[in-house]
Every structure is written in C-alpha cells, then in structure tokens.
Amino acid sequence: MPASRYFLEVPAGTEVVARAELQRLGAKRLSEFPGGFRLVQDADLAKALRARTLAAAYLSMTFAVPRPKALLGDANFRALVAAVKGVAARGVYGGLRFSAAGADSPTMTRLASSLASEVGLPWRQDDGELLVRLRPDPATAGWEVLVRLTPRPSSTRAWRVCNRPGGLNAAVAAAMNEFAGVDARDAYLNLMCGSGTLLIERALRAPARRLVGFDVDPDAVRCAETNAGAAGVAKRCELSVGDLTDPRFVEELGATGRFDVLTADAPWGDAVGAHAANRALYPKLFSAAAALAAPDARFCLLSHELRLLRSVVLDQPWWRVEHEAQVAHGGHHPLVLLMSRAQE
Ligand SMILES: C[S@@+](CC[C@H](N)C(=O)[O-])C[C@H]1O[C@@H](n2cnc3c(N)ncnc32)[C@H](O)[C@@H]1O
C-alpha cells in the first residue's frame, strides 16, 4: 500500500509566513517539502484548509516504485483509483486533468486515460477540475501522486466577482499581509488597490482600526467595491479614487489619519502600466507612502520591476528594508519588500 498524507502548497517565497499562519490555525505538525508542507497529522487538515496563504491542498500518496509505469500495475493502480475516486466523490467535477513532466509520453498518457476512465470522468487536459499530479519523491526515490482536494485552487476566492488585468493572487496577497503583520489596532492602507485583493484579504483576516484603499482608475475602485461587497466587508472598507502623484490628494488623505500598515502591488509595466512611466511613478509611490505613514509604520510592496525597485529603494530616505522575498506568481517571481519607516 502507498504511504498517504496531505500536501499543502503555498506560493514559493512565502513559506515563513505560511508556516506561521498554519501553526496559528492549529496545523502544528508540518514537515517542509519542496513547494509547501506535508501535513503529518490528518486530523489537522480542516484547520489547514482555513489558511489564507494556502495555494492548494492535495491528498498525497507516495508509491515505492522506480518509474511511473509501475503505477499501472494491478495493486498500485487499484490504490490510485480508490484514492482519486474518494476525492472526486467530495466535489462536483466535469473532467480529470493530469499533470507530470513528460505528460504526453505513452506511459503518462495511458496512466491519465486509464485513471479518468476508471474514475468515470472525461480526461480533459485543458480544463479538468480534478487535478492529479505526478512527481518524483526526493525523500524516498519513489513517485508521489497528488490529488487536489478542491475543484479550484484554494487561492481562488468566492469574493472575486470582478476581475481586472494584473489582479494579485489572493494567497500572495494574504502572505504580504502576514509579512506586514496583523494587529486589530492597525490603520491599514492599500495604495493602488486595483480590484482590492490586498485590502479585502486583510479585512477578512482580522479586525482593523481602519481599512482604506484607493486607485487612480475609477473602474478599479468600482471593481474593488464590488468585490468587497461580495466578501461582506464593504461597510468596513473606505475606497476612493485618488492619484498618489497628486500632492493634494495625498495631503487630504493624510489629514484623515496616518497608517500603521501600507501595502501596494505596483504596476509591473506589462499587463498594467509601462516601464517608462514606472520610472517616474515608483519614487512617488515611496514618498506618498512615507507622507501617509505613522512613525512606526510597515510598508509591504510587491513588483516585478526588480531592477527599478532595487534602485529606487537605495535612492530614498524614508523606508528601510527589513525582509525581502521573491514569490511565485503565475509563472513570474516578483519581489516582495517589507520595509519599516526610517527616522529621517
Ligand atoms: C498591479 S495593479 C494592482 C492590482 C491589485 N493589487 C489587484 O489585485 O487587483 C496596479 C494598480 O495601480 C494603479 N495605479 C497606477 N498609477 C497610480 C497612481 N498614480 N495612483 C494610484 N493608483 C495608481 C492602477 O490603476 C492599477 O490598478
């Protein structure tokens, strides 16, 4: 029989805060594994599934076989089918998707089609919601089969009813909020809020003294309002249209109070914004954040403009980098900087 347990996938680069969140929720016995954590105690699964930093949760089975072809052998295949059927029975699935290196090789193709047919689902490589992954297990030199426990990744949120280009992955947003620290006494500001991912994730995580977001684009603010409504947090969020490069707007917002935590996912210059415009925008983002910050504020910023970000950080007096991490985000590895307000 294969050894089975659960695998919790988190965005690469967020392991430190994801582990802390999982432990805070009561999933205490975790072992680190590439891409996330293995859950040592099955009883902790329900607790782990509440983690906002979780990208996806899988049933994990390790087979002591030298190559994938052996999974087609009678006993292994029966164990595999039983496990996949068990997951399929707990949700609504229209198809099975199989993911592995060399997924179009004859062995993998046979494995995927036989599995789909035994489970009674069409094999739909493009959009099957029942995701089955196969990867070598470095710990045992065998093979690990992962069956995602939910039809959608955990980072797909029910509140996201309005999408915009460049929307932040919710698990990454949750991790940024954890990097910045969460305290119910905090006044929280999400600059350039777009569809509101950071703000809404923070609102759902814990109470706050204030929750504020703004964006220069009125459509983005409407989108954030719609999402906040779907999340049930609209009444707690103050959203407005505003341009951080406009000193009057910054002054007026600052007059309402200073912020303990500031977050931003700045334009990357591809889907949103342009590289040339970012060279002027980024220094202003740092100065606006400083003008709006309380004396001991933390500022968590994400961008894929790695070189620009690093050079702007060096050229400004207001923010000191406390921690940095490159995080996995849809095939990219943007940089997250956690900064504290420096004394001028
Ligand atoms: C990468 S998107 C943010 C995406 C957002 N985190 C989300 O999850 O939807 C960057 C946002 O910066 C906004 N922005 C660009 N320049 C701005 C400015 N000068 N003042 C305020 N917002 C600005 C854009 O309108 C855009 O919504």
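None of the values given here were measured: they were computed from a predicted structure.

Student: What should I look at first to understand the sheet that holds strand β11 (residues 259–265) in this one?
Tutor: The strands that make up a sheet pair up through hydrogen bonds in the backbone, lying either parallel or antiparallel. In spatial order, the strands read β10-β9-β8-β11-β12-β14-β13; together these 7 strands make up an open sheet with mixed pairing. Each end of this open sheet is capped by a strand with a single partner; those strands are β10 (237–241) and β13 (319–326). Pairs of neighbouring strands in the sheet enclose a mean axial angle of 15°, with direction left out of account. The sheet contact formed by strand β8 (residues 187–191) and strand β9 (residues 210–215) spans 4 bridges and is parallel.

Student: I tried to follow the site of the ligand on my own but got confused; where do I start?
Tutor: Lining the immediate surroundings of the ligand are 21 residues, of which L168, S195, T197, D215 and D243 lie closest. At 2.9 Å from an oxygen atom of the ligand is found a main-chain nitrogen or oxygen belonging to L168. Note that a nitrogen atom of the ligand is positioned 2.9 Å from one of the side-chain N or O atoms of D265. Taken by itself the ligand offers 600 Å² of open surface, and the protein chains cover 91% of this. Here the residues of the shell around the ligand are counted per class, giving 10 nonpolar, 7 polar and 4 charged.

Student: Before we go on, may I ask you to explain the pairing of β8 in this structure?
Tutor: Side-chain direction in a regular strand flips from residue to residue, so the side chains alternate between the two faces of the sheet. Counting buried residues in β8 gives 5 out of 5 residues, a clear majority hidden from the surface. Residues A187, L189 and L191 line one face of β8 and the alternating positions Y188 and N190 line the opposite face, and both faces are buried. The parallel pair β8 and β9, bridged by helix α6 (residues 197–205), forms a crossover whose chirality is right-handed. The pairing of β8 with β11 spans 4 bridges and is classified as parallel. Bridge pairing links N190 to T263 in β11.

Student: Help me understand the side chain of R52, please; the structure alone is not making it clear to me.
Tutor: Along the chain, R52 turns up in the loop between α2 (45–48) and β4 (56–63). Judged by relative accessible area, which is 19%, R52 ranks as buried. In contact with R52, not counting residues within four places along its chain, are E21, R157, A170, A171, A174, E201, L204 and R205.

Student: Would you explain the side chain of N190 in this entry?
Tutor: Here N190 shows up in strand β8. Note on N190: relative accessible area 1%, which makes it buried. A distance of 3.3 Å separates a polar atom in the side chain of N190 from the backbone oxygen of T263.

Parameters and conventions
Residues numbered from 1 in each chain as written. Predicted model: local features only at pLDDT ≥ 70, side-chain atom pairs only at ≥ 80, totals over all residues. Heavy atoms only, no water. Pairing = 2+ DSSP bridges. Helix = DSSP H or I, 4+ residues; strand = E, 2+ residues; numbered from the N terminus. Axes fitted to C-alpha atoms, helices over the stretch in contact; angles between N-to-C directions. Near = heavy atom within 4 Å. Polar contact = N/O pair within 3.5 Å; in protein donor to acceptor, adjacent residues only side chain to side chain. Areas by Shrake-Rupley, 256 points an atom, 1.4 Å probe, with all protein chains shown as cover. Nonpolar A, V, L, I, M, F, W, Y, C, P; charged D, E, K, R; others polar. Buried < 20%, exposed > 50% of the residue type's maximum accessible area, 1.4 Å probe, protein only. Right-handed = clockwise from strand over helix to strand, strands pointing away. Contact = heavy atoms within 4.5 Å.

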